[in-house]
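Structural characterization, general
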Amino acid sequence: MKNIKSILIYFLSGAIVFTSCKKSFTNIPYYGLETVQNTGTFNSASGCISYVTGCYSAINLNDWWQTMWTRVVLETATDNGWLGNLGGFSNAASYRAVGSLEAINSTAGDVVGLFQFYYQGINQCNFGILNISAAPIDASLRTRLLGELHFLRGFFYMDLAKNYGGVSLYNEKTTTADIPLKRSSLAETWAFIKADFEYAEANLPQRKDYTTTADMARASKGAAMAYLAYANLWSGNYDSTVMAASALLGLNEYHLEPNYGDIFKTAYYNGQESIFEIGANNLIGNVNPVIAGSGKDGGWGWHVPSSNLEDAFLNEGDSIRRVNTIIKDGQPVAGDPAVTSWNGNPSGNTSGRNWRKYYIPLAERNPANQGYAGRWQPKAYIFMRLANVMLIYAEAAARTGDATTASTLLNEVRARVNLAPKTGLSGDALINAIILEKRLELAGEYADVRWDDLHRVKVNGVTLMSSMFGPNGTYVQWLQTNTDPYDGRTNLAEVTQNKGKLYIPGTNDLFPIPLTEIEAGNGKITQNPGY
Amino acid sequence: MRSLLRTAASTARNSSVPLRAGRRMLTICILLLCASTGLWAQQAVTGKVTAGGSPLAGVTVTVQGTRTSTKTNDAGAFTIHAPTHSKLIFTHIGYAPQTVPAAEDMAVQLEVTTEGLGDVVVVGYGTVRKADLISSVGSISGKDLTTFKDPNAANSLQGEVPGVRVLSSSGGPGAQPNIYIRGVYTIQGSSQPLLIVDGVPITSGFFNSINPDDIERMDVLKDASAAAIYGAQAASGVIVITTKKGKAGQNNLNITENYQSQTLKRPFTMAGSAEWLKFQRLSNPSFTLAETTTNQYDTTRSTDWWKAVINPHSPTENLGISYTGGTDKSQYAMSLSYTDAHANTKVGDWKRITGRFTGDFRINDWLKFGGSIAPRYEYWINTPVDFLGLLTTDPVTSPYINPNLQHIPASADPTLYDATWSAYGTPYGGAGNGTPPPNYVFSMNRSTLNPNQLYGIQSSAFMEIQPIKGLTFRTTGGGNVDASTASYFVPRYYLNPNNFSNLTVAGSSFDVKWNWLLSNVLTYKFDVAEKHHFTALLGQEAAEQKEYYGSSQKVSADSTNGNNLLFAYEDYLNMDLTNPAVLAAFGTNALTGNASTTGGINNAYWVRRSAYFGRLEYNYDSKYYLTANGRRDGNSKFPPSNQYAFFPSVSLGWRISAENFMSSAAWLNNLMLKARWGQRGNADAITRSTWYSLVSTGAQYSFAGQQAYGTAPTQIGNPNLKWETDMDRGLGFEGTAFGNRLNFEIEYFDNKSSGAILTLPVIPLSAGQPNSPTENIASISNKGYEFTTSYIFSTGDGLRIVPKLSLSHVVSKYASLGGVQGLDVGAQDGYREQERFGMSFTRMYTGGVVGAYYGYKVLGIFQSQDEINNYKDKTGAMIQPLAKPGDFKYAKYGTSGPINTTDDRTFLGNPYPKLNADFSISANYKGFDLRVELYGSYGQKVVNTTKRYLITGDRASNVIAGSYNNVWRTDNTKASNPNPATGNNYNFSSWYIEDGSFTRIHNLQLGYTFPTLKVNGIKSLRVYVGAQNIHTFTKYSGFNAEIQSDSQQYQGIDRGQYPVPRSFNAGVALGL
């Protein structure tokens, strides 16, 4: 009996050791949720690539239609456009605050949206940098992916710096304990952005070294150089702009598309002039054909060109870029033989004009020869192309006193659209010519070059935006005398507001920090002056 | 060398002579000693001390007038040498001392004097004598539970254990009360205690899963040192239930029957049609209802909604039968119970059948085995009656329109609708008032289509081995399963153009919960040098808990397409789904595609726990005590690196009364000082997915027109998330005096949880997080005291009266919120608060009490427009520019601008009582027993949201009769209530706050136990009558000052919850 007793005791003490010594007992998997662990996000090359792809999608991050609506709205706020068909788009009112310059305040949808969604993108990049740095993947792939993440983070921060000034600089080392993070100075913010683009430039392959067509659309060394040049232009480091832009030209990798209209062709990707673009297809892609399209063409008639822009082309005698930028009611559409008299739905549209750059010829539509169907169209959003870099370079050169280089670049861009060279210019006249050229070359494009330039370029310390808008703004005054038969005619709201009259010069040069951000900041996050 | 050895050997041999001589001498001496004692008439007295039929160990037996004493052993036996004709004094803490003449084979029975002190208390994986207890444990015996018969034993805890608050949740039969032990320990988790039945935690059903008749005792482990051995699950206290076991040689069949009749007191007389119309015309300019006698509205009569829905009396019946018995080798207990509780509404009830079999078997002198199994079945129909809504339903609506469907408009086809479910009037909800209120007669009757059922089994088994004296090895295993189903059926009905259904919908959901536990505990009990008593315990435990739920719903095809698939409730219940034709007819109609089936199964919950624990109990001569606990706890919810944490606790005790310097204070029988320190963990505040980083794989992008899918984070996890830790400190005195008749206990506790888990509700956009991070950043402090005293009066002729008073107090504060300045707590009931008040009632802020009310402070009522115009801030701007005469004037706290929620709210009150008091008297005389229980809470504030409807008639609701004369009108400016016409007075303000102090006569019970009956076979018979909740003394103007709440941060908000019924009961307990 003693034996039985000891056997029992040994058995039971064995059971103790067995059931409890295994720490893995409490390590149970989580079924049903996509955890980083379950999905293997950072365990494999494909997982890491897929994560970085998710960061790209943050460029257009929005909880609706996966489109960064603010990018659409910003162009309409300038002298280039109108918000358009307010009556037909019930949500448009929420975009009027910024899109028609009615009230740039800390709760305006676009003021909040750009901030919120690009910071989400930054958070995605930071989480990716943190995890991919330690991921068990091929070193060269890791280098490239980290380069892409730094590029994207710089890209997101750049849009924040341009529009909000110095911002809270979250990086991959920031932890939740650091929330809320106070705002950094504008100089620190630009330094951070440039460091990201420099990292990207050093670690990314050239576009030509990517092996597949799809991969060629990823961030490349050239894209990093272009944005580095642009970041330096914004922050006033013109020598660095020249250095970065000339390095890009020195790659001899990108070339102007000989035919200006070809840049905006349907399903035309990785063109020789395109440096960074978002591809598009019918599943996810460009919403502008539909948003900007005529109400008679399956579109919304929202976000349309102004007569002022058309006049700018006419004044310059720039017909190639005019017809490839603006479609006008009753006129044929350049490049679409099927349309001889375009119906711009002038009674339901602000200006009777439409962006040609987002128009899809009838024959190329799906289904063909019908109004737009579906929300997304296969047309790339080009963010950065060579002509833009050349003009950035030209401006920096002009500002550093190198009028020769500046004029050469300017005239190269003009030559493509059969415009006579501008010669003998220097100083402000040269710079003004370059800014005008940028307006004509890049009008309506998703990169919002006009919005940027109007905020960036100062004359006597006053931004172009602040001199054009506000109660005494030059553009606001011009609107009083505007006799265009279409422009603003059916848009009572915009006409009565005399678009831009409520703009507060100086103060509105920067967006306010969103109210929710200030409130959640517990006093650590300061508001921009004047708000 | 050799010679030397030899010498040594011889020396040894020689030395044996005197040794032997010495032994002989000793024997002689002893013999002499014996002879001498015999000479002095000394005798060896033996005997046995028992209490309540069980042997009592540790009783001090002293020869009167000498220092000779001994103690009884485990069998209660003692041997002492005492002179003939001497007297022996038997003393033991918790028992009345006895002086008995020494005799042979003495049989001494000690009687318990001090309530419970002689008892054994369960302290987790073991027991300790109450007298030796140095942690904070409140106990309640099964006998006390059955004096007040409630199908849910938690309700019997109310008032029994200081520091324990029992609050009914949403009322109705079968509803589970919430139990709070000494405050709040976590922000996001539950503060409900852990319930353990026979060593196995109950994770489903809580107190509903146990027949109160099966409970031998409940022990409430209140502080860290008592609960720490249960580890993290015990963060909010532990209630340990020990079920009844059979006793050797005592075979009893007990039959109990109890009948209760419950009555809801009508809280207010509501206005009749005439006053309601007058009131609504005053308060709402757009109120357009004219005098009418249509079917739905009849202004010539006044519907009494209370009478239409509430039963005058609702019966509850409890029937129980149990058999206990056994021999030395095996003991067993078996019970069956049946409960049928009717709601106070005409529809709604809860039925429960429970069974339990318990057996303990001694295989031999070192091996024991036992276990229990307890199946149960529950069936209930919920009553969806909102009592506030019921009272405020307008009186012009008929609860039941005519049965010929005359209210269905001519344009509709009456044959499409089910007559039974279409005949009810929709109450008046004027234009702009949103969805009209429901017709509660209809809602109530429709709930009969929504039955719920639950099948559950609790089980546990143990094996105990005692290889050597004092060493016990016990292994316990157990598991519980609860499976419940809820069914619903929506018939075709037509109530009004906005409330009808052309479709029939049938659905069902299930929920299966199960858990198991295995524990192995080694206990070694030993004494060193008689006075050093040790009990050492080492153990290990593993447990798992899972839950699955799922639901499915079928909707009939659309009736308008000619493919009319009407099905009825009976069809739904009795349908043969294996028949394809039935299935097709039921819903899945491939032809039209209109019918739909939805649903799915979810793996809702899965947690594993693993722990090691140990405890050392030491006492020196029952004078100095030390208990040390340690538990290393592991929980699968935390990140792998933080799953395990160690929680220690120490308690010290000093029996001051045992010191020599106290010997002069003979009146003081016992005085013990206790001090405690301990840590408890809490894993309740997070779900098992909280710490993970989650991604969605749905991010889309296009590279050069080619579709690419990417992953995007949806939750940035916190891999550093760890246990919440509560540090508990306590100090207390406990004692008895005056012949152990006076008993007192006082305790102070001060605990602070650190690393309390908080999901930051508001984070800056710049953090870029898709969801707010969850972190260990907050901290909560609880401070309070508990005081209990009782006194035993007894007379020689058998009268015994024991009054008992308990007082307790706790204040819970947010010591820190991780840098967050303050957070409004989201509304718990959107219908009543967020929508209607548009602002939160409570706010969390550092240093603030948990559940602090936060709103505008009312300074008075504006009597004139001039007064409004003159109410200005420092800048000269009007503070309430929109106010009208008759509106509240609110205090302005911000510097400038109109009144707003950001600047001008202030602390308006604390929902927690300043004092909880329980008072009871137990009296016995001959066969009679009487018990009176009162309890009360004092100083707590209550938010009476019902005033908005009952007094100001908002949303076309009915008002308390006479309200018209009590509201501000231009011709009645002295009124205390605001102008109902402006709609400006529905901000959360101090007007809604009232003192919620109350005293309730909780229980009155009178019983009579018949003296030994001559009837053959009847061993005992007790009959009793009683009454519960007879009266509540309060100044509170709402239904019930004792506010029920499911959330510790949202206490005291009266939304007109299910009131507490008054009940009368009678019962009989028969022992055979």
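Treat the numbers as computed from the prediction; the structure is a model and nothing was measured. (Residues numbered from 1 in each chain as written. Chains lettered and ligands numbered in written order. Predicted model: local features only at pLDDT ≥ 70, side-chain atom pairs only at ≥ 80, totals over all residues.)

A few points about the overall build of chain B
Assigned secondary structure in chain B consists of 11 helices and 53 strands. Among the 1072 residues that make up chain B, the fraction classed as buried is 46%. Contacts spanning at least 24 positions in sequence make up 70% of the contacts within chain B whose residues lie at least 6 apart. (Helix = DSSP H or I, 4+ residues; strand = E, 2+ residues; numbered from the N terminus. Buried ≥ 20, exposed ≤ 12 C-beta atoms within 10 Å, placed from the backbone. Contact = placed C-beta atoms within 7 Å.)

What about the packing of helix α15 (residues 386-399) of chain A against helix α16 (residues 403-416) of chain A?
Residue and element names in this part refer to chain A. Viewed as axis vectors pointing N to C, α15 and α16 meet at an angle of 155 degrees, and their least axial separation amounts to 7 Å. Between α15 and α16, the crossing angle belongs to the class labelled roughly antiparallel. For the crossing formed where α15 meets α16, the hand is left-handed. Contact with α15, carried on its side by A387, M390, L391, Y393, A394, A397 and A398, involves A403, T405, A406, L409, L410, E412 and V413 of α16 and no other residues of that element. The class makeup of the residues in the contact of α15 with α16 is 12 nonpolar, 1 polar and 1 charged. (Axes fitted to C-alpha atoms, helices over the stretch in contact; angles between N-to-C directions. Parallel < 35°, antiparallel > 145°, perpendicular 65-115°, else oblique. Left-handed = near helix turned anticlockwise from the far one by under 90°. Nonpolar A, V, L, I, M, F, W, Y, C, P; charged D, E, K, R; others polar.)

Comments concerning the interface of chain B and chain A
Contacts between the two partners involve 57 residues from chain B and, on the opposite side, 67 residues from chain A. Among the secondary structure elements, those contributing two or more residues to the side of chain B that touches chain A are β24 (471-490), β27 (505-528), β28 (532-555), β29 (596-620), β30 (624-635), β33 (694-703) and β34 (706-715) of chain B. Element by element, the count of residues in the side of chain B that touches chain A is highest for β33 of chain B, at 9 residues. Looking at the side of chain B that touches chain A residue by residue, the class counts come to 28 nonpolar, 26 polar and 3 charged.

Describing the domain arrangement of chain A
Residue and element names in this part refer to chain A. If you check the domain split of chain A, you get domain 1 (41-203 + 470-531) and domain 2 (288-379). On a C-alpha basis, the centroid separation for the pair domain 1 and domain 2 is 27 Å. With 22 residues of domain 1 at the interface, the matching set in domain 2 holds 23 residues. In terms of residues, the side of domain 1 that touches domain 2 owes the most to one element, strand β1 (residues 81-84), which gives 4 residues. Tallied by class, residues from the side of domain 1 that touches domain 2 come to 7 nonpolar, 10 polar and 5 charged. (Domains from an automatic or database assignment.)

What to know about the confidence of the model for chain B
All names here are of chain B. Residue-level pLDDT values for chain B average 83, and 87% of them are 70 or greater. Note on residues 1-22: pLDDT under 50 across the span, and 0 contacts to partners over four residues away in sequence or across chains. Across residues 559-567, confidence stays below pLDDT 50; counting only partners more than four residues off in sequence or on other chains, it has 23 contacts. For this predicted complex, the interface score ipTM comes out at 0.91, alongside a pTM of 0.79. (pLDDT = per-residue confidence, 0-100.)

Considerations on the nonpolar core
Counting residues in each nonpolar core, the largest one holds 238 residues, and the members touching the most others are A224, A226, Y227, A229, V389, Y393 and A394 of chain A. Top contributing element to this core by residue count: helix α7 (residues 139-164) of chain A, with 12 residues. Of the residues that make up this core, three or more belong to each of domain 1 (41-203 + 470-531) and domain 2 (288-379) of chain A. Residue contacts for A229 of chain A: discarding those within four places in its chain leaves T241, A244, A245, L248, V389, I392 and Y393 of chain A. Judged by nonpolar contacts, the second largest core, of 67 residues, contains F279, V309, W421 and V441 of chain B. (Core = buried A, V, L, I, M, F, W, Y, C linked by C-beta atoms within 7 Å.)

Some remarks on the sheet that holds strand β6 (residues 87-91) of chain B
Residues and elements named next belong to chain B. Strand order across the open sheet formed by 4 strands is β4-β3-β6-β7, with antiparallel pairing between neighbours. In this open sheet, the two edge strands, each paired with only one partner strand, are β4 (69-71) and β7 (98-101). Adjacent strand axes in the sheet meet at a mean angle of 25 degrees, parallel and antiparallel pairs treated alike. With 4 bridges connecting them, strand β3 (residues 60-63) and β6 associate as antiparallel partners. Note on β6: the bridge partner recorded for V61 is F90. (Pairing = 2+ DSSP bridges.)

Here's the deal with helix α3 (residues 45-57) of chain A
Helix length check: α3 of chain A (13 residues) gives 19 Å between terminal C-alpha atoms against 18 Å at 1.5 Å per residue, within 8%. The buried fraction of α3 of chain A is high, at 10 of 13 residues. Burial in α3 of chain A covers these residues: C48, I49, S50, Y51, V52, T53, G54, C55, Y56 and S57 of chain A. In this structure, the buried residues of α3 of chain A make contact with α6 (109-132) and α7 of chain A together with β33 and β34 of chain B. (Expected span 1.5 Å × (residues − 1).)

Description of the sheet that holds strand β17 (residues 238-243) of chain B
Residue and element names in this part refer to chain B. Reading across the sheet, the 5 strands line up as β11-β16-β17-β14-β15 and stay open at both edges, with mixed pairing between neighbours. Bordering the open sheet on either side are β11 (137-141) and β15 (200-201), each of which pairs with just one other strand. Relative to β17, strand β14 (residues 194-197) runs parallel, the two sharing 4 bridges. Directly across from I196, in β17, lies its bridge partner V240.

Overview of the environment of Y1024 of chain B
Residue and element names in this part refer to chain B. Tracing the backbone shows Y1024 in strand β51 (residues 1020-1034). On the basis of neighbour count, Y1024 is assigned to the buried category, with 21 C-beta atoms found within 10 Å. Sequence separation of Y1024 and L1006 is 18 residues, and the distance between their C-alpha atoms is 5.5 Å. Contacts of Y1024, omitting those with residues within four sequence positions, involve Q1005, L1006, G1007, A1066 and G1067.

Let's talk about the environment of P491 of chain B
Residue and element names in this part refer to chain B. Considering the arrangement of structural elements, one finds P491 in the loop between β24 and β25 (493-496). Under the C-beta neighbour-count criterion, P491 is labelled buried, with 22 such atoms within 10 Å. The spacing of P491 and G429 is 62 residues in sequence and 24 Å in space, taken between C-alpha atoms.

Some points on the environment of L194 of chain B
All names here are of chain B. Of note, L194 is situated in strand β14. Take L194: there are 21 C-beta atoms within 10 Å of it, and that puts it in the buried class. The spacing of L194 and A232 is 38 residues in sequence and 9.8 Å in space, taken between C-alpha atoms. Aside from chain neighbours lying at most four places away, what touches L194 is P201, Y230, Q233, A234 and V238.

Comments concerning unusual backbone geometry
Residues and elements named next belong to chain A. A cis amide bond links I179 with the next residue in sequence, P180, at an omega value of -5 degrees. Within the fold, P180 resides in the loop between α7 and α8 (186-203). The residue after N366, namely P367, is reached through a cis peptide bond having omega -5 degrees. In this fold, P367 is placed in the loop between β5 (353-355) and β6 (381-385). We note that N369 has phi near 60 degrees; this positive angle belongs to a residue other than glycine. Here N369 is to be found in the loop between β5 and β6. Given 10 C-beta atoms within a 10 Å radius, N369 is considered exposed. A positive phi angle is found at N460, which is not glycine, with a value near 55 degrees. Of note, N460 is situated in the loop between β7 (458-459) and β8 (462-463).

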